[in-house]
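# A structural walkthrough
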Amino acid sequence: MKKQMIIILLLAVQVALYAQPRFDGSVFKPRQPKGADALQILYDARNKDLEFSDEVKAALYVYENFQWKRDLLPMVKNADGLWAASLAVTPQVAFVAVKFFQGDINQPDVFDNNEGKGYGVALADAKGNAKTGAYLAEAAFQAPGIATGGLYGYYAEEPTPLDKSYMEGLAAKELRLSGKQYLKFFESLMKLQQLVLGEEFPAYASETLQTYLADKNLGEDALGELYQYTKFRLKDERLATTIEMRIMKEFPKGATARFVAYNNTKGSSSDRAEVIASYEDFLNRFPITEWRKQPNKQGFIYYAIYRGLGSSYFDAKQFDKFVTLYDDIDFRTGNELMRWNIMRAYMFKLVGQDTLYQVAEAILPKLIARKDDDSYLNDFDDKAMADANRMKQLDDRLFTHISLLNDLKKYKEARTYFYELSDDGKYSNAELNEINLQVLEGLDDGKQILPLLEMSARQNAMTPRMFEKLRTIYLAQHNGDEAGYEGYLGSLKSDEQKAEMKAYVDQHWVNHPMPDFQLEHADGSFVTPADWKGKIVVVDFWATWCRPCIMAFPGMQLLVDKYATDEAVAVYMVGTMQTGDYKSKSVNFVRGEGYRFNLLHDAVNPATNEQDLVFKQLIPLFGDSSIPRKIVVKDGRVRYCSGGYSGSPSKLMDELSLVIETLKNEN
């Protein structure tokens, strides 16, 4: 009996010890701050990971108005060798925590958070009483995820669970202290209770909600808070419907009713007619013109509604209704509708070009008219970034429409839209420059062709045909003498462009052994390292399924043609990671498109039966398995490596030409 009593007492002591805060408040002075006391932080780094740091910083976590906020607090070393900082707190701050670190706040080199137990302190009012939110903060600090805002990476890993009786006590204390303000911390409190109650929580939550809903004087915001929790967290459809009916009865035109109505639209339905009807009904009940009179943070609702309705109209070929939407929507929404519907239909030939022209021509002027409405401001940190994005988006939409007009030989209209492009957009896209050349040729406007070609060359955004055209004009102006052509071409490129290219190339030099190989040529012969001896070899890894790879082909053809007579340089296109009859697919595609390439097939890996033997051996160099991937090999070693495609054939040619010439000039 005596032994049993000892065991019980020991267990009671363990529970009592465990049911205490595990965080350390000793770094804060005073230890029990209250009222308007200035809070001091004193950190002794001796015998800790930050002992030898010459710059200790403090990541400050403040629990204010039931939300966590993070800030950076600089520290200085005092005469006692302690790192010190002071902090002024507002009356709404209930809890303060700190994490000491060196380096970047998001990726510190070294940090100290009390070995995962935390440094924190609860604040009191002038009389020494706990502030509202203090007990909830104490729980949330030790169980991240409870409170709104989170702890932004305070812990390296999830802390071990706390004793349930301790957490239950914190919840009870907070309810007694702040109960009348329950809407401010309702969801956080419910998360805490869920941790405590486990399987019993749904019954508790339902009963609690019923208690709150018995109040006949609940306002719209309160009902909205309870509705969202019931609907999306508790997933109690019956109770959510009851709250919804009350909202619609008491506040039928309010923001909460708008949100409920949006939530009830049928956007996920497979029945397009049902989707359209639900979106139209929403806009009839809550027109955007009414929302704009008193706009709130529900703009996302109209963005989603118009996107869904517009796409449904377009897919249903209700093009008149699709166009009419542009009378109401802002630039941001209109841009997305045009991107998803018009551009997609053009690329994949989902709609006849004549019909697509009628629709695009009707909406594009409306989109252009709204380009300065600042509808992208909320998506970016400042207006300059929002404006840059807006111009880029409009340039892309204009590109699609100009391409369509060129296909339809509507050259005069296409040329008109060229002037709507931004200054950057006019000449920086090689494909668009090629289209504009075709437009000028269609208009027989010879006077504008040379300026277009020269501006495109300055932007290093030229296609093979544009080079041919520029060379033809130059020869015609110089009586067929091409002696000065290369110098003329070089003079069109700015020093800034040349410096940028050199900087890019300098970032991609490597020195890596080229694996042994035996690659089959398109003609059936085989290529081995011996065939590359004494040469600078450019290798382009590509696949028929890789669109960026195919888009880069014109640039690779420019490179092939440039070094066609140079016996010290070889260029090979290596098809890799393809399936089925990959040999025929590769050869037929390249020949069908008229390219003049030395085409090789990557070997099959006997271990996996995949066509990627050489490419996969180079992944340690690449860092990933993405293509297109260019390498330049000299003396059995990979000396240069770059991935992706910039969109400019001439820029790709210049990049690889600079690499080749640099390697040629090596001792």
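Refer to the structure printed above.
A few points on the structure. Just so it is clear, the model here is predicted, and its values are computed rather than measured.

### Re the state of the cysteines
Scanning the model with the defined rule gives one disulfide in all. Bridging Cys 546 to Cys 549, the disulfide has an S-S length of 2.3 Å. Across the disulfide from Cys 546 to Cys 549, rotation about the S-S bond amounts to roughly 80°, and the bridge is consequently right-handed. The buried category is assigned to Cys 549, whose relative accessible area is 1%. Just so you know, Cys 641 is unpaired, no disulfide at all, and the nearest cysteine sulfur is the one on Cys 549, 13 Å from it.

### A few points about the packing of aromatic side chains
Tallied over the entire structure, the rule returns 47 aromatic pairs. For the ring pair Tyr 43 and Tyr 119, a centre distance of 6.4 Å and an interplane angle of 75° mean the geometry is edge-to-face. Linking Tyr 43 in strand β2 (residues 39-43) with Tyr 119 in strand β9 (residues 119-122), this pair joins segments that are 76 residues apart in sequence. Assessed through its relative accessible area of 3%, Tyr 119 is described here as buried. Both rings, one in Trp 509 and one in Tyr 640, keep their centres 5.5 Å apart while their planes meet at 75°; by these two values the pair is edge-to-face. A residue pair is termed long-range when its members are at least 10 positions apart, and Trp 509 in strand β10 (residues 509-513) and Tyr 640 in strand β17 (residues 637-643) qualify at 131 residues. Judged by its relative accessible area of 28%, Trp 509 is partly exposed. Among the aromatic residues, those joined into a cluster by ring pairs are Phe 23, Tyr 61, Tyr 63, Phe 66, Trp 68, Phe 95, Phe 141, Tyr 154, Tyr 155 and Phe 185.

### Observations regarding the packing of helix α13 (residues 331-347) against helix α15 (residues 383-407)
At their nearest, the axes of α13 and α15 sit 10 Å apart, and the two run at 35° to each other. Crossing handedness for the pair α13 and α15: left-handed. When α13 is examined against α15, the residues Phe 331, Asn 335, Met 338, Arg 339, Met 343 and Tyr 346 are found in contact with a partner set consisting of Arg 390, Gln 393, Leu 394, Arg 397, Thr 400, Ser 403, Leu 404 and Asp 407.

Basis of the calculations
- Residues numbered from 1 in each chain as written.
- Predicted model: local features only at pLDDT ≥ 70, side-chain atom pairs only at ≥ 80, totals over all residues.
- Heavy atoms only, no water.
- Disulfide = S-S within 2.5 Å.
- Buried < 20%, exposed > 50% of the residue type's maximum accessible area, 1.4 Å probe, protein only.
- Phe/Tyr/Trp six-rings, centres within 6.5 Å; stacked < 30°, edge-to-face > 60°.
- Helix = DSSP H or I, 4+ residues; strand = E, 2+ residues; numbered from the N terminus.
- Axes fitted to C-alpha atoms, helices over the stretch in contact; angles between N-to-C directions.
- Left-handed = near helix turned anticlockwise from the far one by under 90°.
- Contact = heavy atoms within 4.5 Å.

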